[in-house]
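# Understanding the architecture of this molecule
As a plain string of letters, each chain reads:
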Amino acid sequence: MTSAVSYELTESVATITLDDGKVNVLGPDMQSAINEALDKAEKDSAKAVVIAGNQRVFSGGFDLAVFQSGDPKAALGMLAGGFELSVRCLTFPVPVIMAATGPAIAMGSFLLLSGDHRVGQPKSRCQAIEVAIGMTIPISAIEIMRQRLTPAAFERGCSMAATFAGDEALAAGWLDEIVEADRVLARAQEVAAQAASTLHAGAHLATKLKARESALKAIQAGIDGLPTEFFS
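Going along each chain's sequence as written, the residues are numbered from 1 onward. The predicted nature of this model means local features are confined to residues of pLDDT at least 70 and side-chain atom pairs, given and counted, to a pLDDT of 80 or more, with totals for whole chains, interfaces and linings taken over all residues. To obtain the side-chain values, all non-hydrogen atoms of the structure were used and water was disregarded.

## Quick look at the pairing of strand β2 (residues 13–18)
What counts is decided by this rule: Working definition: with a 1.4 Å probe on protein chains only, accessible area under 20% of the residue-type maximum means buried, over 50% means exposed, and in between means partly exposed. Secondary structure follows DSSP: runs of H or I at least 4 residues long count as helices, runs of E at least 2 residues long count as strands, and numbering of each begins at the N terminus. Pairing between strands requires that DSSP locate at least two bridges from one strand to the other. Orienting the strands away from the viewer, one traces the path from the first strand over the helix to the second; a clockwise path indicates a right-handed crossover.
Counting buried residues along β2, six of its six residues qualify, which places the element largely inside the surrounding structure. Neither face of β2 is exposed, since V13, T15 and T17 on one face and A14, I16 and L18 on the opposite face are all buried. The hairpin formed by strand β1 (residues 5–10) and β2 contains two residues between the paired strands, and E11 there has a positive phi angle of roughly 55°. One ladder, built from five bridges, connects β2 with strand β3 (residues 48–52); its direction is parallel. Each bridged residue has a counterpart across the sheet, and for V13 the counterpart in β3 is A48. Chirality of the crossover, the property in question, places the unit of β2, helix α1 (residues 28–43) and β3 among those that are right-handed.

## A word on the side chain of S140
Defined as follows: Under this definition, polar contacts are N or O atom pairs within 3.5 Å; protein pairs additionally need one hydrogen-donor-capable and one acceptor-capable atom, and for neighbouring residues in sequence, both atoms have to be side-chain atoms. Should any heavy atoms of two residues lie within 4.5 Å, those residues are considered in contact.
Examined against the element boundaries, S140 turns out to sit in helix α5 (residues 139–148). Reaching out from S140, the side chain makes a polar contact with the backbone nitrogen of I223 at a distance of 3.0 Å. The contacts of S140, once residues within four sequence positions are left out, are F83, I219, G222 and I223.

## Regarding the sheet that holds strand β6 (residues 117–120)
The cut-off we apply is this: Fitted lines through C-alpha atoms give the axes, limited to the stretch in contact for helices. The angle between two N-to-C directions lies from 0 to 180 degrees.
The strand order across the open sheet formed by six strands is β1-β2-β3-β4-β6-β8, and the pairing between neighbours is mixed. Of all the strands in the sheet, just β1 and β8 (177–178) have a single pairing partner and so form its edges. In this fold α1 packs onto β1, β2 and β3, with an angle of close to 15° to the strand it touches most, β1.

## Considering the pattern of salt bridges
Filter applied, for reference: Salt bridge criterion: a side-chain nitrogen from Lys or Arg within 4 Å of a carboxyl oxygen from Asp or Glu.
Overall, the coordinates contain twelve salt bridges when judged by the stated rule. Here D44 and K40 are joined by a salt bridge, their closest N and O atoms 4.0 Å apart. Using a relative accessible area of 30% as the deciding quantity, one classes D44 as partly exposed. Between D116 and R212 there is a salt bridge, and its shortest N-O distance comes to 2.9 Å. Here D116, found in the loop between α4 (107–112) and β6, pairs with R212, found in the loop between α9 (201–211) and α10 (213–224); they are 96 residues apart in sequence, far enough to count as distant. Neither D116 nor R212 differs from the other in exposure class; each is buried.

## Things to note about the packing of α5 against helix α6 (residues 151–159)
Formally: Any angle that is under 35 degrees is reported as roughly parallel, and any over 145 degrees as roughly antiparallel; angles of 65 to 115 degrees are reported as roughly perpendicular and all others as oblique. The hand of a helix crossing depends on one turn: near helix anticlockwise from the far one by less than a right angle means left-handed, and clockwise means right-handed. All amino acids are sorted into three groups, where Ala, Val, Leu, Ile, Met, Phe, Trp, Tyr, Cys and Pro are nonpolar, Asp, Glu, Lys and Arg are charged, and the leftover types, Gly among them, are polar.
As a packed pair, α5 and α6 sit with axes 8 Å apart at the nearest point and diverge in direction by 155°. When the interaxial angle is binned, α5 and α6 end up roughly antiparallel. Classified by chirality, the crossing of α6 by α5 is right-handed. Residues I142, M145 and R146 of α5 pack against F154, G157 and C158 of α6. Of the residues contributing to the contact of α5 with α6, the split by class is four nonpolar, one polar and one charged.

## Quick look at the side chain of E130
As for its placement among the helices and strands, E130 is situated in the loop between β7 (126–127) and α5. In this structure, E130 is in contact with A106, M107, F110, M135 and I137, ignoring residues within four places of it in sequence.

## Regarding α10
Counting along an α-helix, one turn takes 3.6 residues, and residues three or four places apart therefore face a common direction. What counts, and what does not: Expected span, for any helix, means 1.5 Å times one less than how many residues it has. By definition, the arc is the one covered by directions from the helix axis to the C-beta atoms.
Given a rise of 1.5 Å per residue, twelve residues ought to cover 16 Å, and the 16 Å separating the end C-alpha atoms of α10 matches this to within 8%. Within α10, burial applies to A215, L216, I219, G222 and I223. Here the buried residues of α10 occupy an arc of 120° about the axis, which is enough to place them on one side. Those residues of α10 that are exposed and angled more than 90 degrees off the buried face are S214, K217 and D224. The inward-facing, buried residues of α10 abut α3 (72–90), α5, α9 and α11 (226–231).

## Some remarks on the nonpolar core
Which entries qualify depends on this criterion: The definition of a nonpolar core used throughout is a set of buried Ala, Val, Leu, Ile, Met, Phe, Trp, Tyr and Cys residues joined through side-chain atoms within 4.5 Å.
By size, the foremost hydrophobic cluster in this structure holds 58 residues, and its most contacted members are I16, V49, I51, F83, F110, M145 and W174. Counting residues per element, this core draws most heavily on α3, at eight residues. Beyond its immediate stretch of four places on either side in the chain, F110 contacts F83, S86, A128, E130, I137, A141, I144 and M145. Of all hydrophobic cores here, the second largest spans 13 residues; its members include I97, V119, V179 and A192.

As structure tokens, this is what we get:
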């Protein structure tokens, strides 16, 4: 793991905190560090995982510098890696609780949607910003949004770059609960501890894989099609 990602195991709950000192861009290094932390959680036999942002933001999304570098291989690798990380969270063997300590934008919002339970605060702004900055939303991202958001929020989120916060984020499906800003991480850890003590891990995994089967196939098809979608 890099210094941008920290890992802590408390009893049976692993907490993975993203903090690059800025907006937690999900570039290749950050993706690798998160995956390394998830590997450690599996090795430690953690019964639940919390993924949290820093005091400023959950994540501002992909690293735009990689897109602007003119290196299509690097851009493709970052895109695929981000959505593969979402798939890993959606299929992780134990509950994954997201702590939206602040805004979740673009790929940050798609990662947020990939948790089993999402805790936010009143200013946890959620937005797929792509069409507002001249980017087409990848198929994989659309499918992640489709499987978690209400139909109306899905349409507004995709085509209008709509911003959701507070009660509207709850109603839309971006978040599962909202607490005061200084309680987000603690509450996420409480939810994780409860899940760790009350859920049967095998049944949890088997059930969410069944429930998400069609979405996972669509997300994976989007990952497989990225070269054609954006680089052909």
